[in-house]
Amino acid sequence: MLMLACLLVACVFHQSSWCSTEAQSSYISPPVPERAHFAESFDSGPLDRRWVRSQAVREEDTVSLLYDGEWAIEEREAEMHPGNKALVMKSSGRHHAVAAYLHTPFHFRNSPLCLQYEVMFMEGVECSGAYIKLLSLSDQLRLSQFSDVTPYSVMFGPDMCGGNHKMHLIVTVTDPLTGQRQQRHAPQPDGDLKGYFTDRKSHLYTLRLFPDGKYEILIDLSLISEGILQTDMDHPTEFPQSQSIPNIKPPSQSEGLGLGSVEALGLELWSLRGQVMFDNILLCNDLELAQQWTQDTWEKRYMPSLLERLLLATAVRPWLWGVYVFTVGLPTILFISFMWPDKRFGPPDQDYYYKKSDELQPDDPQDSELPRSPQEYGSVRGAVARKRDSQRAQKKSDLELKAR
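Residue positions are given per chain, counted from 1 along the sequence in the order it is written. In keeping with the model being predicted, local features are shown solely for residues with a pLDDT of at least 70 and side-chain atom pairs are shown and tallied solely at 80 or more, while totals for entire chains, interfaces and linings include all residues. To get the side-chain values, all heavy atoms of the structure are used, and hydrogens and water are removed first.

## Re the overall build of the protein
Right, on to step 1. Comment: elements are numbered from the N terminus, with helices defined as DSSP H or I runs of at least four residues and strands as E runs of at least two. Looking only at helices and strands, one finds eight helices and 21 strands in the protein.
Right, on to step 2. Type-normalised accessible area, obtained with a 1.4 Å probe on protein chains alone, sets the label of each residue: buried when under 20%, exposed when over 50%, and partly exposed for intermediate values. Taken over 404 residues, the protein has a buried fraction of 43%.
Right, on to step 3. Whether two residues are in contact is decided by their heavy atoms, any of which lying within 4.5 Å being enough. The contacts in the protein between residues at least 6 apart in sequence include a share of 71% that link residues at least 24 apart.
Right, on to step 4. Computed by Shrake-Rupley with a 1.4 Å probe, the accessible areas treat only the displayed protein chains as cover when residues are assessed. Surface exposure of the protein reaches about 22,900 Å², of which carbon and sulfur atoms provide 54%.

## Considerations on the pattern of salt bridges
Right, on to step 1. Salt bridges are defined by distance alone: a side-chain nitrogen of Lys or Arg within 4 Å of a carboxyl oxygen of Asp or Glu. Tallied over the full model, the rule gives 13 salt bridges.
Right, on to step 2. Put simply, Arg50 and Glu40 hold a salt bridge, and the shortest N to O gap is 3.6 Å. Of the two residues, Arg50 is situated in the loop between strand E1 (38-40) and strand E2 (52-53) and Glu40 in strand E1; the sequence distance between them amounts to ten residues.
Right, on to step 3. When its relative accessible area of 5% is taken as the criterion, Glu40 is described as buried.
Right, on to step 4. Here Lys214 and Glu216 are joined by a salt bridge, their closest N and O atoms 3.4 Å apart.
Right, on to step 5. Judged by relative accessible area, Lys214 falls into the partly exposed class, the value being 28%.
Right, on to step 6. Residue Glu216 is classed as buried on the basis of its relative accessible area, which comes to 12%.

## Focus: the packing of aromatic side chains
Right, on to step 1. Here a Phe, Tyr or Trp ring, Trp counted by its six-membered ring, pairs with any other such ring whose centre lies within 6.5 Å, and the pair is stacked when the planes are under 30 degrees apart, edge-to-face when over 60, and tilted otherwise. Enumeration over the complete set of coordinates arrives at eight aromatic pairs.
Right, on to step 2. Between Phe106 and Phe108 the ring centres are 5.1 Å apart and the planes differ by 70°, which places this aromatic pair in the edge-to-face class. Each member of the pair, Phe106 as well as Phe108, is classed as buried.
Right, on to step 3. Plain terms: the ring middles of Tyr117 and Phe278 are 6.5 Å apart, the flat faces sit at 20° to each other, and that makes the pair stacked. Here Tyr117 is found in strand E8 (residues 113-121), whereas its partner Phe278 is found in strand E19 (residues 276-284), with 161 residues between them in sequence.

## Focus: the state of the cysteines
Right, on to step 1. Our working definition of a disulfide is a cysteine sulfur pair at a distance within 2.5 Å. Here the structure, examined in full by the defined rule, presents one disulfide.
Right, on to step 2. The thiol of Cys114 is not disulfide-bonded; the next cysteine sulfur, from Cys284, is found 4.8 Å away.

## A few points about the environment of Met167
Right, on to step 1. Within the secondary structure layout, Met167 lies in strand E12 (residues 164-174).
Right, on to step 2. Residue class for Met167 comes out buried when judged on its relative accessible area of 2%.
Right, on to step 3. Sequence separation between Met167 and Ser225 is 58 residues; the distance between their C-alpha atoms is 9.5 Å.
Right, on to step 4. Beyond its immediate chain neighbours, meaning those up to four positions away, Met167 contacts Phe156, Gly157, Pro158, Gln188, Pro189, Leu193, Tyr205, Ile217, Ile219 and Ile224.

## Re unusual backbone geometry
Right, on to step 1. You will see that Arg200, though not glycine, has its phi angle at about 60°, which is positive.
Right, on to step 2. Along the chain, Arg200 turns up in the loop between helix H2 (194-198) and strand E14 (203-209).

## Some points on the pairing of E14
Right, on to step 1. Of all seven residues in E14, six are buried; the element is thus mostly enclosed.
Right, on to step 2. Here E8 pairs with E14 via seven bridges, running antiparallel. Each bridged residue has a counterpart across the sheet, and for Tyr117 the counterpart in E14 is Tyr205.
Right, on to step 3. In terms of strand pairing, E14 meets strand E15 (residues 214-219) through five bridges, oriented antiparallel. In the sheet register, Thr206 faces E15, and the bridge partner there is Leu218.
Right, on to step 4. Between E14 and E15, which pair antiparallel one after the other, the connecting turn spans four residues, and Gly213 there sits at a positive phi close to 95°. One requirement defines pairing of two strands: DSSP has to find at least two bridges between them.

## Brief notes about the confidence of the model for the protein
Right, on to step 1. By definition, pLDDT measures how confident the predictor is in each residue, and it falls between 0 and 100. Averaged over the protein, the pLDDT score is 79; the fraction of residues at 70 or greater is 68%.
Right, on to step 2. Of the regions scoring below 50 in pLDDT, residues 8-24 engages in 15 contacts with residues more than four places distant in sequence or in other chains.
Right, on to step 3. Of the regions scoring below 50 in pLDDT, residues 238-246 engages in 15 contacts with residues more than four places distant in sequence or in other chains.

## Quick notes on the side chain of Thr297
Right, on to step 1. Within the secondary structure, Thr297 sits in the loop between helix H4 (287-296) and helix H5 (298-302).
Right, on to step 2. With relative accessibility at 3%, the residue Thr297 sits in the buried group.
Right, on to step 3. Once residues within four sequence positions are removed from consideration, Thr297 is found in contact with Pro30, Glu118 and Asn280.

Given below as C-alpha cells:
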C-alpha cells in the first residue's frame with residue numbers, strides 16, 4: 001500500500017515530462033497484424049479502397065430516407081503527429097452507413113472476440129451514435145444495401161441522445177430449436193459516462209467476449225462493465241419480422257453462445273451535429289495481438305499516467321475514492337506518525353528547549369505557588385480568608401486604642 005502511495009506521487013511529477021515527450025514524437029502508422037480478422041488505421045489509401053458506402057433506402061415513418069451523410073478520411077486535428085488520419089462522419093442531421101468485409105470471417109468457437117476502436121466527438125455531442133455492428137454471415141449480405149435492418153451478431157459502442165449517455169452491447173442469438181433470432185442487451189455500466197462524450201478527446205472502446213459467455217467492456221483500458229451473456233443480459237426479444245433472414249448460417253455445437261459467425265463490420269449511424277471521428281479499428285481472437293495493436297496506436301498518443309487512470313476510474317465507480325483513501329491515505333498517515341524524525345521545540349537558548357522524548361522538566365518557580373488541584377485550591381482560598389479576617393481584627397483593635 002505504501003508503494004502505491006509513492007507511485008501516485010511519482011505520477012504527478014512524471015506527467016509533465018511525459019506530455020513533452022509525447023508532443024515531440026513522430027507518428028508511425030501501425031503494422032497491420034496478419035492474424036487479425038480486421039484491422040484499419042485509415043492512414044493509407046482512400047476510403048473506397050475497402051469500405052463500401054451504402055446505397056440503401058431507410059424507411060422511417062412512411063418516409064424514405066437515403067444514407068446520404070458524408071464520410072471523409074482526414075488528418076486528426078490538434079495532433080502532433082502529421083500523417084495520422086482517421087475516418088470522420090461529417091454531416092449534421094443525416095443518416096450515415098459504410099461497411100467493409102473482414103479479412104476472414106469470425107466464428108464464435110473456442111477463442112475470445114476482441115473488438116476495439118477509438119472515437120472522438122470533435123465538436124461535442126447533442127445526439128449521436130458511435131457504435132459498430134458486426135454483420136452476420138449470410139448469403140444475402142450486400143454491403144451496398146447495408147441499413148438498419150441488416151442482421152448483425154454484435155452491436156457495441158457509445159451512444160448519446162436526450163441527455164442519456166450509454167454504452168451499448170447488444171448481441172443477436174439464434175435459438176437452435178426454433179431458428180428464431182433474438183436480441184439481448186447488456187445492462188448499462190454504473191457511474192456517469194458524460195465525460196467521455198463531452199471532453200472532445202479520443203477514447204478507446206474495447207469489447208471482449210469469451211467462449212464461456214463472459215463479457216468485458218473497457219474505456220481507455222479501464223474496466224467499466226462485465227457480466228455473463230446467458231444470465232446478466234436483459235431478457236431476449238424477438239427481431240422484427242423485417243430482420244428475419246432465413247438463410248443465416250445456424251450455429252454449430254461449438255458455437256454454443258448462438259452468435260453465429262461474422263462476415264463484415266459496419267457503421268450505421270445518425271448524428272445531429274456530425275464531426276465524429278473513428279480510428280484504429282481492430283477485430284481479432286487474440287488478446288495479446290490486441291494489446292500489441294493498442295501499444296502501437298492509442299497508447300503512443302493518449303496513454304494516461306497511472307494517476308489519471310485512477311482518477312478516470314472514479315468517474316464510473318465513485319466508491320473507488322473510499323478505496324483510494326484507505327489504501328493510500330491511511331498508510332501515508334501511519335508512515336508520517338511512526339517514521340517522521342523527532343523535532344525540538346523553541347530556540348536552544350531558552351528553558352523550554354527540549355525534545356518530545358526528554359524527561360519531564362521542572363516547573364517555573366513562580367508557578368509553584370499556584371494550586372495544582374481542587375483540594376489545593378480550597379486550602380489556598382481558606383488561607384486568604386483567614387488572612388483577611390486577621391487584618392480586619394487588627395484594624396479594629398487599632399481604632400479602639402486610638403479612641404481611648
